[in-house]
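Analysis of the macromolecular model
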Amino acid sequence: MTSHVFFPTWPISLNVLTAIGLILIAGVLGAHFLRRVLPQLPAITGYVLTGILIGPSVLNLVDATLLNDISLLVDLALGLVLFELGRRIDYKWLLREKGLLLTGIILSSLTFVALFILLTQFGVSKLIASIVAALGMATSPAVVLNVVREVKAEGQVSERMLNIVVIGNALALVVLSIALAAVHVEFSAGWENYLLQPVYLLLGSTLLGWLISRLLLLIGKWLRRERQAQLILILALIAATVGVAVMLHLSAMIALLAFGIASRHLDAQHAIEEPDLNQISSLLYVVLFVFAGAQLELGHLATLWPVVLAFVVLRLVITIGVTTVLAPTNRLSTRNGVLLGIGLTPLSGFNIIMVQHAVGYYPQFGVQLSTLVVSILVILELLGPICTRLALVTSGEAKR
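A look at the environment of I386
- With respect to the element layout, I386 can be found in helix α17 (residues 363–394).
- Separated by 40 residues in the primary sequence, I386 and P346 place their C-alpha atoms 8.9 Å from one another.
- In this view, I386 contacts L41, P42 and T45; residues no more than four positions away in its chain are not counted.

Some points on the packing of aromatic side chains
- For the structure shown, the criterion picks out two aromatic pairs.
- Aromatic side chains F83 and F259 sit 4.8 Å apart centroid to centroid with 45° between the ring planes, which places their arrangement in the tilted category. Of the two residues, F83 is situated in helix α4 (residues 71–88) and F259 in helix α12 (residues 252–265); the sequence distance between them amounts to 176 residues. As far as the burial class goes, F83 and F259 line up, both buried.
- Between F112 and F116, the ring centres sit 6.2 Å apart and the planes meet at 20°, which makes this aromatic pair stacked. Residue F112 and its partner F116 are located together in helix α6 (residues 98–121), separated by four residues, close to a single helical turn.

Examining the pattern of salt bridges
- Summed over the entire model, instances satisfying the criterion amount to two salt bridges.
- With a shortest N-O distance of 2.9 Å, R35 and E150 are connected by a salt bridge. Of the two residues, R35 sits in helix α1 (residues 16–37) while E150 sits in helix α8 (residues 141–150), which places them 115 residues apart along the sequence.
- Taking the shortest distance from any N to any O, the salt bridge between R149 and E84 comes out at 2.3 Å. Residue R149 is located in helix α8, and its partner E84 is located in helix α4; the two are separated by 65 residues in the primary sequence.
- Note on R149: relative accessible area 24%, which makes it partly exposed.
- A relative accessible area of 9% places E84 in the buried class.

Concerning the nonpolar core
- The biggest cluster of nonpolar side chains holds 113 residues, and the ones touching the most others in it are L119, V132, F259, L288, F289 and I376.
- Considering each element in turn, this core owes the most residues, 10 residues, to helix α9 (residues 156–186).
- Those residues within four positions of I376 in sequence are excluded, and the remaining contacts are V132, V308, F311 and L347.

Some thoughts on the packing of α4 against α8
- Two elements in contact, α4 and α8, have axes whose closest approach is 10 Å; the angle formed by their N-to-C orientations is 65°. It follows that α4 is roughly perpendicular to α8 by the angle criterion. The chirality of how α4 crosses α8 is left-handed. Taken together, the residues of α8 that come into contact with α4 (itself represented by V81, L82, E84, L85 and R88) are P141, A142, L145, V148 and R149.

What about the environment of L66?
- By the element assignment, L66 lies in helix α3 (residues 64–69).
- A residue is classified by how much of its surface remains accessible, and L66, at 7% relative accessible area, is buried.
- Between the alpha carbons of L66 and A19 there is a distance of 7.1 Å; along the sequence they are 47 residues apart.
- What L66 contacts, discounting residues up to four positions off in sequence, is L14, N15, V16, A19 and L61.

Conventions used here
- Residues numbered from 1 in each chain as written.
- Predicted model: local features only at pLDDT ≥ 70, side-chain atom pairs only at ≥ 80, totals over all residues.
- Heavy atoms only, no water.
- Helix = DSSP H or I, 4+ residues; strand = E, 2+ residues; numbered from the N terminus.
- Contact = heavy atoms within 4.5 Å.
- Phe/Tyr/Trp six-rings, centres within 6.5 Å; stacked < 30°, edge-to-face > 60°.
- Buried < 20%, exposed > 50% of the residue type's maximum accessible area, 1.4 Å probe, protein only.
- Salt bridge = Lys/Arg side-chain N within 4 Å of Asp/Glu carboxyl O.
- Core = buried A, V, L, I, M, F, W, Y, C linked by side-chain atoms within 4.5 Å.
- Axes fitted to C-alpha atoms, helices over the stretch in contact; angles between N-to-C directions.
- Parallel < 35°, antiparallel > 145°, perpendicular 65-115°, else oblique.
- Left-handed = near helix turned anticlockwise from the far one by under 90°.

Have a look at this one:
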């Protein structure tokens, strides 16, 4: 008679669903504990610290393999952020506000040039310096949008902050696409890689977002403003956009930002009810920020702290300097110009995803790149949310 083994094999390894549950529970408890001790800190800081604690750098409860397995859910969370951000942006108003548009362009350009020069002075190769400097152009949309919502901020500073985030991320994606083409040249890839790949990435992703927005409006009109049905439709299309972008090797981030912007501005008949994504986005935000914390490796800071510190300080000085000098152009007081610059401190979380793409193309190239970027994120993932919350509260725009 054959005996059947029905007991689990030890040691038991976490599967994806258990890991997601652990991330959510640990994130909520970590943020709650931190807020009890330091009430003025944003919840994001608690999520990131919890991620560091349970991630590979400390307790290794969620290892690198599991983090890789849940990366698609993180893409969905980041995609939801970008869709929400796109829905909040009025590009027609932005085109009329030439001072704000100019501020975003000048800030991104100066940041890139200054960080590139700084990194090369520290001995970083020009290729890696260009990619890291491009990543430095992008303020985190997830952090800014989450903190704005957390403190219920409304006003000139918060509105300009969100618009500058969109400008910086859009320009960063363009520069990163060009830098990725340079990577193909460096490693002697075919001409179609370094010439067509950036064009395909930018135009293809934008077109995908536009097509999905048309589909939303088409089905949304048929649903006749049924709020619950439209909410399900929007979530389904966000998930589908991420999936299609992965299948077609496009950027889900560009596609979803375009989806958000187009779905608002093509809806002349207001067929789509403004979706209330708060409950769902709150759930995914926990996963996103705990995941970001778990990805951070503390060991590299021991050797890279001089260049990391210089990067963080220079980026902060340039941001505050530009927003302060151009404050009158944006109809802000000098004080609010300074606060606007402080609020733009968080570095964009999509940097890890972009670095993973680069490493996927050329692993031998990605080691130094990922080490440097993750080391910078260790500081800015913790410091950034605090700065944004401080700026919004001090400006008087926070309602909570």
